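This is what each chain is made of:
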Amino acid sequence: MGWRAVVILSASLGLAACAGSVPPPTAQLGASAQAIQQAERAGALQHAPAEFQSAREKLAAADAAMREDERTQARRLAEQAQADAELATVRSQRATAQQAASAVRTLANPNAGLPNAGMPGAGMPGAAGRAPAASATAPLAPSGMSGTSTWDSPRTLEGTP
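Everything numeric in this text was worked out from a predicted model, so none of it was measured. Within every chain, residues take consecutive numbers counted from 1 along the sequence as written. Local features in this predicted model are restricted to residues of pLDDT 70 or higher, and side-chain atom pairs are both shown and tallied only at a pLDDT of 80 or more, whereas totals for entire chains, interfaces and linings draw on every residue. Side-chain numbers come from the whole structure's heavy atoms, not from hydrogens or water.

Colleague: I tried to follow helix α5 (residues 71–108) on my own but got confused; where do I start?
Modeller: Since the α-helix packs 3.6 residues into each turn, any two residues three or four apart lie on the same face. For α5, built from 38 residues, the straight-helix expectation of 56 Å at 1.5 Å per residue is met to within 8% by its first-to-last C-alpha distance of 55 Å. In this scheme, a residue with accessible area under 20% of its type's maximum is buried, one over 50% is exposed, and one in between is partly exposed, where area comes from a 1.4 Å probe on protein chains only. Strands here are runs of E lasting at least two residues and helices are runs of H or I lasting at least four, both read from the DSSP assignment and numbered beginning at the N terminus. Of all the residues in α5, the buried ones are Ala74, Leu77, Ala78, Ala81, Gln82, Asp84, Ala85, Ala88, Thr89, Ser92 and Ala95. Where α5 is buried, its residues contact α2 (26–41), α3 (44–47) and α4 (49–67). How far a helix is expected to stretch is found by multiplying one less than its residue total by 1.5 Å. When checking whether two residues touch, look at their non-hydrogen atoms; a contact exists if any pair is within 4.5 Å.

In structure tokens form, the structure reads like this:
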């Protein structure tokens, strides 16, 4: 068990020695700032405010870590800020696309969402309560004819009274 502790301690010391030689993550900070600007242009303030705010906070923390010369921490925070900003952009684009699709559906079917929208004449003024145009028991001849003809009596479509 003692040799494992030595290996872990050696690895930790090796990593600590390398930490001083980590280059500054200026490119990552710039990429994160650009991703945040893109998210803002995509409407992240409206559609993904939590992710957008998280990205801004992490970029600010990365800047603070750079001032403290904590380059590894600054790089990690900048990468997280970029990921949050990209997520905010995607969610904003998705929300915008859903709104556009909804608008297109409404334009394509203006009666959608109205009661009885599938009924014939629905959506037409004065159509409510009107009887169908053709009836199965409509008279076959005008009712104003005189006489006792069977033409005066209503008939079914099959021709029987």
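Colleague: I keep staring at the pattern of salt bridges and nothing clicks. Help me out?
Modeller: Any two side chains of opposite charge can pair, given that their charged atoms come close. For salt bridges, the criterion is a side-chain nitrogen of Lys or Arg within 4 Å of an Asp or Glu carboxyl oxygen. The tally for this structure, following the rule as stated, stands at three salt bridges. With a shortest N-O distance of 3.0 Å, Asp84 and Lys58 are connected by a salt bridge. With Asp84 in helix α5 and Lys58 in helix α4, this pair connects stretches of sequence that are 26 residues apart. According to the relative accessible area criterion, Asp84 is buried, its value standing at 14%. Here Arg71 ties to Asp69 by a salt bridge, and the two come within 3.2 Å at their closest N and O atoms.

Colleague: Quick question: what am I supposed to make of α4 here?
Modeller: Under the 1.5 Å per step criterion, the end-to-end length of α4 is 27 Å for 19 residues, consistent within 8% with the ideal 27 Å. Buried within α4 we find Glu51, Phe52, Ser54, Ala55, Leu59, Ala62 and Ala65. With its buried residues spanning 160° around the axis, α4 presents them on a single face. Those residues of α4 that are exposed and aimed more than 90 degrees away from the buried face are Ala50 and Arg67. Contact partners of the buried residues in α4: α2, α3 and α5. Immediately downstream of α4, the backbone of Asp69 shows phi near 65°, a positive value. Throughout, the arc means that of the directions going from the helix axis to the C-beta atoms.

Keep in mind these numbers describe shape, not what the thing actually does.
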